[in-house]
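Each chain, written out:
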Amino acid sequence: METDVELYNEIKELIHSLRQLKETKSSLQDEATALRYDIDALNSELKGMDIVIAATTTDVQSNEYRSKSFMDSIERLTGEREQLIDDINGLQFSIKGVTGDVNNCLTLKGHLEEELSDINKEKTIVMNKLKGMEDGISEISKKKAEKLPHLKTFDVVLKSIHNELKEIENRMDVSLKFIQHGQY
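Residues numbered from 1 in each chain as written. Predicted model: local features only at pLDDT ≥ 70, side-chain atom pairs only at ≥ 80, totals over all residues. Heavy atoms only, no water.

K.L.:
How should the overall build of the protein be read in this particular structure?
P.N.:
For the protein, the helix and strand inventory stands at three helices and zero strands. In sequence order, the secondary structure elements of the protein are arranged as α-α-α. A buried classification covers 14% of the 184 residues belonging to the protein. When contacts within the protein are restricted to residue pairs at least 6 apart in sequence, long-range pairs at least 24 apart make up 72% of them. When the accessible surface of the protein is summed, it comes to about 14,600 Å², and 58% of that surface belongs to carbon and sulfur atoms. (Helix = DSSP H or I, 4+ residues; strand = E, 2+ residues; numbered from the N terminus. Buried < 20%, exposed > 50% of the residue type's maximum accessible area, 1.4 Å probe, protein only. Contact = heavy atoms within 4.5 Å. Areas by Shrake-Rupley, 256 points an atom, 1.4 Å probe, with all protein chains shown as cover.)

Below, the structure is given as structure tokens:
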């Protein structure tokens, strides 16, 4: 497949050849005027040159048509190239967005894991305090049984506190489980 430069050079050579042929024809006609005895020979030669000029003109027209066809192909391919570049830019933009979303999700996951760890630490602290309170309540119950067997009202209050502490402990366990399951 010829390039535009090669076509241009070929057309340029053809035009140059045409000009040379025209100059030669003109020169021969001048010589024919000066040299009447060679008119028949020169007329035959001129007819041959006319055929060459016609063939060359046909070649030039053919090359012009091919050149136009190549230019049309180049314009079409340029349009397709621009569309592909637009598509690639859109994909790169989408990739950047997805990458940002993934990074944000990873950061959020890290924060949630830290929060879960902090909540578990706080739960341990609260559980230890609850255990201490239960031990204290048990101790108070023992002392109460030894020292104040006739005061049943303290027993009811202690049982109520104990039940409420158990209920708080259960709620914390449920909340932690929801947090853990909600994260993953």
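On we go.
K.L.:
Sorry if this is basic, but what is going on with the confidence of the model for the protein here?
P.N.:
In regions of low pLDDT, the predicted coordinates are not meant to be interpreted in detail. When the pLDDT values of the protein are averaged, the result is 80; 85% of them are 70 or greater. At the low end of the mean pLDDT range in the protein sits helix α3 (residues 152-183), at 80; at the high end sits helix α2 (residues 39-147), at 82. (pLDDT = per-residue confidence, 0-100.)

K.L.:
I tried to follow the pattern of salt bridges on my own but got confused; where do I start?
P.N.:
The full count for this structure, using the stated rule, is eight salt bridges. Here E80 and R76 are joined by a salt bridge, their closest N and O atoms 3.2 Å apart. Of this pair, E80 and R76 are both found in helix α2, four residues apart, which corresponds to roughly one turn of the helix. Judged by relative accessible area, which is 40%, E80 ranks as partly exposed. (Salt bridge = Lys/Arg side-chain N within 4 Å of Asp/Glu carboxyl O.)

K.L.:
Looking at this structure, I do not really get the side chain of N63. What am I missing?
P.N.:
Here N63 is to be found in helix α2. Among the residues examined, N63 registers a relative accessible area of 4% and is labelled buried. Those residues within four positions of N63 in sequence are excluded, and the remaining contacts are E10, I11 and L14.

K.L.:
Explanation requested: the side chain of E134 in the structure shown.
P.N.:
Within the secondary structure, E134 is located in helix α2. What makes E134 buried here is its relative accessible area of 17%.

K.L.:
What am I meant to see in a negative patch on the surface here?
P.N.:
Judged by side-chain charge, E113, E114, E115, D118 and E122 come together as a negatively charged surface patch. Summarising the element assignment, E122 is placed in helix α2. What makes E122 exposed here is its relative accessible area of 51%. (Patch = residues over 30% accessible without salt bridge, like charges linked within 9 Å, V, L, I, M, F, W, Y side chains within 5 Å. Lys, Arg positive; Asp, Glu negative; His and termini not counted. Charge placed at Lys NZ, Arg CZ, Asp CG, Glu CD.)

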